[in-house]
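What the coordinates show
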Amino acid sequence: AVLAAAGVGAAVAGAGLIYTQFGQPEVAPKAPEPVELVDVQRQEAKVPALARPSPEDLAAQQKKARQEVALAKLHDAVGVASSPNPGPGAIDDLRTALAVAVVEAGEGSGVISAAGQRLADIDTMQKARRRYGEALQEVRTAVNDKELLAGRLALQDMADAEKILKSFGEELPMERIKAMMDIAQHKAQLADMERVVEQREALEHGRKQLQEALPAKDTAAARRAMGLIARAEMELRDLHQDFPPDKGLVAEGLVRLHELEKEEQERHRRIDALALLEAAVAARSPQLCVEALAEAEDAGVEPCPTME
């Protein structure tokens, strides 16, 4: 029986079955199939040629990668430099990123063109800000030194710089608002300085006109000159400005003007009396002739054929 059982077990084992200790059959594991040893060169020969990039393709891929990195850094640098409060090195970083991008990608990229334009705009705004600050200081110095021409030129430079900044949509920060308040005060001071210059010139011109009108007995010119002198002196007093004395010119002018006006009135009266006398003679009215003759004599009409 034992031998018979052993024979059955051998037969079962040959069939690929084994029994556990509990008498349950299991499938025996198969032996691994022999692996064919193949030459490495033969394996590589079976790989398609497209899967292995050429040195040229590899270099192109690397160049493209460098271009993408350079353009990405340039895009980030433009964003930082265009922010409201860029750091102190933002502009230099943008210049560096732009130079690298030009080397790696050339100048035909839209990102590079936009970055170049933005860098130019930033440079323009920086120059305008710098000129604005310099001109503001020049205005203050001109006001303190009472230099009207320098103040006018500095104000014009400030206006030009402000126009450039506004063209880029730059808003006025608090520092600029304070500066504008100072500028308004400086403008008023410069306007006062300009009024002083104008009124001094007017005073000098009026005095010269009066000196020429009095000897010529030009009443109208003397009257205009006296008015010009009076307005100029009043403006200068309002501006708390002194002016050189006229050495009695105005006082003499008032006296002479009164005399000239009186002489002018007398002259006009004589002309009117003579005209009345001529009308009375033409009318051949004794009463009118008596009245006209009395008026002519009282007016100082000198003897003439009409009076006779």
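Not measured: the values here are computed from a predicted model.

Looking only at helices and strands, one finds ten helices and two strands in the protein chain. Reading the protein chain from its N end, one meets helices and strands in the order α-β-β-α-α-α-α-α-α-α-α-α. Burial status across the protein chain gives 24% buried among its 308 residues. Relative to all contacts within the protein chain whose residues are 6 or more apart in sequence, the contacts with residues 24 or more apart total 62%. For the protein chain, the computed accessible surface area is about 21,700 Å², with 57% contributed by carbon and sulfur atoms.

A few words now on the nonpolar core. One finds L74, L94, L98, I122, V139, M158 and L190 to be the most contacted residues of the largest nonpolar core, which totals 29 residues. Of all the elements in the fold, those that place two or more residues in this core are α3 (55–81), α4 (90–105), α5 (110–145), α6 (148–167) and α7 (174–216). V139 has contacts with G151, A154, L155, M158, H186 and L190, leaving out every residue within four places of it along the chain. With 18 residues, the next largest nonpolar core counts A202, A213, A232 and L260 among its residues.

This part covers α3. Compared with an ideal rise of 1.5 Å per residue, which puts 27 residues at 39 Å, α3 spans 39 Å between its outermost C-alpha atoms and is within 8% of the ideal. The set of residues buried in α3 consists of A70, L74, A77, V78 and A81. The elements touched by buried residues of α3 are α4 and α5.

Per the stated rule, a full pass over the model turns up 15 salt bridges. Residues D92 and R95 are paired through a salt bridge, measuring 3.4 Å at the closest nitrogen-oxygen approach. Of the two residues, D92 and R95 both sit in helix α4, three residues apart, roughly one turn of that helix. Taking the shortest distance from any N to any O, the salt bridge between E233 and R237 comes out at 3.9 Å. Of this pair, E233 and R237 both sit in helix α8 (residues 219–238), four residues apart, which is roughly one turn of the helix. Residue E233 is classed as buried on the basis of its relative accessible area of 13%.

Before going further, it helps to examine α5. Between its terminal C-alpha atoms α5 stretches 52 Å, which fits the 52 Å expected from 36 residues at 1.5 Å a residue. Following α5 by one or two positions, K146 has its phi on the positive side, about 60 degrees.

Take the layout of surface pockets next. Estimated volume of the second largest pocket: approximately 240 Å³. Take the lining of the second largest pocket: its biggest share by element is five residues, from α7. A class-by-class count of the residues in the lining of the second largest pocket yields six nonpolar, two polar and two charged.

With that settled, the discussion passes to the packing of α4 against α5. Close contact between α4 and α5 brings their axes to 10 Å; oriented N to C, the two are set at 155 degrees. Here α4 lies roughly antiparallel to α5, going by the angle between them. As for how α4 packs across α5, the hand of that crossing is left-handed. Seen from α4, the contacting residues are I91, L94, R95, L98, A101, V102 and A105; seen from α5, they are I112, A115, G116, L119, I122, D123 and Q126. In terms of residue class, the contact of α4 with α5 is built from ten nonpolar, two polar and two charged.

What follows is about unusual backbone geometry. Although it is not a glycine, K247 sits at a positive phi angle of roughly 55 degrees. Mapped onto the secondary structure, K247 falls in the loop between α8 and α9 (249–283). What makes K247 exposed here is its relative accessible area of 82%. The residue R284 is not glycine, and still its phi comes out positive at about 55 degrees. Following the sequence through the fold, R284 ends up in the loop between α9 and α10 (286–299).

Thresholds, definitions, all that
- Residues numbered from 1 in each chain as written.
- Predicted model: local features only at pLDDT ≥ 70, side-chain atom pairs only at ≥ 80, totals over all residues.
- Heavy atoms only, no water.
- Helix = DSSP H or I, 4+ residues; strand = E, 2+ residues; numbered from the N terminus.
- Buried < 20%, exposed > 50% of the residue type's maximum accessible area, 1.4 Å probe, protein only.
- Contact = heavy atoms within 4.5 Å.
- Areas by Shrake-Rupley, 256 points an atom, 1.4 Å probe, with all protein chains shown as cover.
- Core = buried A, V, L, I, M, F, W, Y, C linked by side-chain atoms within 4.5 Å.
- Expected span 1.5 Å × (residues − 1).
- Salt bridge = Lys/Arg side-chain N within 4 Å of Asp/Glu carboxyl O.
- 1 Å grid on protein atoms, 1.4 Å probe; cavity = no way out; pocket = protein on both sides within 12 Å on 5 of 7 lines; lining within 4 Å.
- Points joined across faces, edges and corners; volume = space filled by probe spheres on them.
- Nonpolar A, V, L, I, M, F, W, Y, C, P; charged D, E, K, R; others polar.
- Axes fitted to C-alpha atoms, helices over the stretch in contact; angles between N-to-C directions.
- Parallel < 35°, antiparallel > 145°, perpendicular 65-115°, else oblique.
- Left-handed = near helix turned anticlockwise from the far one by under 90°.

So yeah, pure geometry; function would need other evidence.
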